[in-house]
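Inside the fold
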Amino acid sequence: MGCYFSYFTTASRDVSITETFPATYSDIHLIHKGTRRRVYKCTSGEKTLCCKVIPALSQEWREEYTLLLHIIANGLPSPIFTNIIKQKGFIYLFYEYIEGDDMFQYLEKHKKLSERKVRSVLYNLIRLVKKYHTRQIWHLDLKPDNIICMDGDINKMCLIDFGQSVICRAPTMDVKSLGTPKYAAPELSRGQCNDRTDVWSIGIITYVLLLRAYPSMGKIERRKTILIAGGSALFADFVAICLENSMYKRPSLSNLLNHKWFNNFSDV
């Protein structure tokens, strides 16, 4: 396993935040530290919760809360929201804690996945992402860290962290989201996105799941580079079309589900 499988390690205590936590919550442990937000595991009574902490001065929490209400109103699969608290300069968003590993942690615990297994996982992932797209939500930060394998089952996936997501109001939108380096589509660096922006990230995830490395983004024709790295010709074609530089030329999620790679799961 290469060093690129880095993950924010659990810290036992973060004094600057935990001492401002609402008094009814206890057993507070940091599980993710980002540049603009932190995520904690905590308890309230007998319930184990996940809490995202965002500075109250940031406009991000209002945007994320609006998106959260949209997700709930449309009955989309997501962590169950339980409470929002504004206190001492922070916004606390509480969700029920989902038992399971994220996709990176799953890979660290399991041997190399077969191409057939990767196809099955990707088919389910695309169908899951499509549910959000159908309700006009583009995630814009798809990566293994944001995909939870519930109860240790990689085919029981739940998307998390919609902090950079948007409710699409036009075919192409200007956004502030930058995604995550190595997974972000090139148009995000220009402040743009469309419904194919998540497709780029799906291509990277596909490559990482099978080959446990990142694809080369050099000038060499991608199909040949991918084919040399490993996997079948159809796998190489699937990843290559996801990594089309133009967001207008990439396939839609519906087109991905109809790709020949998914036609026969018994050929590998």
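For clarity, every value in this text was computed on a predicted model and none was experimentally measured.

Cut-offs applied
- Residues numbered from 1 in each chain as written.
- Predicted model: local features only at pLDDT ≥ 70, side-chain atom pairs only at ≥ 80, totals over all residues.
- Heavy atoms only, no water.
- pLDDT = per-residue confidence, 0-100.
- Contact = heavy atoms within 4.5 Å.
- Helix = DSSP H or I, 4+ residues; strand = E, 2+ residues; numbered from the N terminus.
- Buried < 20%, exposed > 50% of the residue type's maximum accessible area, 1.4 Å probe, protein only.
- Phe/Tyr/Trp six-rings, centres within 6.5 Å; stacked < 30°, edge-to-face > 60°.
- Lys NZ or Arg CZ within 6 Å of the ring centre and 35° of its normal.
- Pairing = 2+ DSSP bridges.
- Axes fitted to C-alpha atoms, helices over the stretch in contact; angles between N-to-C directions.

When the pLDDT values of the chain are averaged, the result is 85; 89% of them are 70 or greater. With pLDDT under 50 throughout, residues 1-15 is counted as low confidence; its partners more than four residues away or in other chains account for 29 contacts.

Of note, Arg116 is situated in helix α4 (residues 115-134). By relative accessible area, which is 45% here, Arg116 ends up partly exposed. C-alpha separation for the pair Arg116 and Trp261, spaced 145 residues apart in sequence, amounts to 9.7 Å.

In total, this model carries 16 aromatic pairs according to the counting rule given. Feature note: the residues Phe21, Tyr25, Tyr40, Phe90, Tyr92 and Phe94 constitute an aromatic cluster, connected by ring pairs. The ring of Tyr97 is capped by Lys41, whose NZ or CZ atom sits 4.5 Å from the centre of that ring.

The next point concerns the sheet that holds strand β1 (residues 26-33). Taken in spatial order, the five strands make up an open sheet running β1-β2-β3-β5-β4, and their pairing is antiparallel. Here the strands that pair on one side only, and so sit at the sheet edges, are β1 and β4 (81-87). In this sheet, neighbouring strand axes are inclined to one another by 25° on average, regardless of whether the strands run parallel or antiparallel. Across seven bridges, strand β3 (residues 47-55) lies against strand β5 (residues 90-96) in antiparallel orientation. Bridge assignment links Cys51 to a residue of β5, and that residue is Phe94.

Backbone hydrogen bonds are what pair the strands of a sheet, in a parallel or an antiparallel way. Reading across from one edge, β6-β8-β9 is the order of the three strands in this open sheet, with antiparallel pairing throughout. Of all strands in the sheet, those with a lone pairing partner are β6 (100-102) and β9 (157-159), marking the two edges. Each neighbouring strand pair of the sheet contributes to a mean axis angle of 30°, computed without reference to strand direction. Where strand β8 (residues 147-150) lies against β9, three bridges are found, and the strand directions are antiparallel. Paired with Ile148 across the two strands is Cys158, which belongs to β9. Packing of α4 onto the sheet brings it into contact with β8 and β9, and relative to β9 it is tilted by some 35°.

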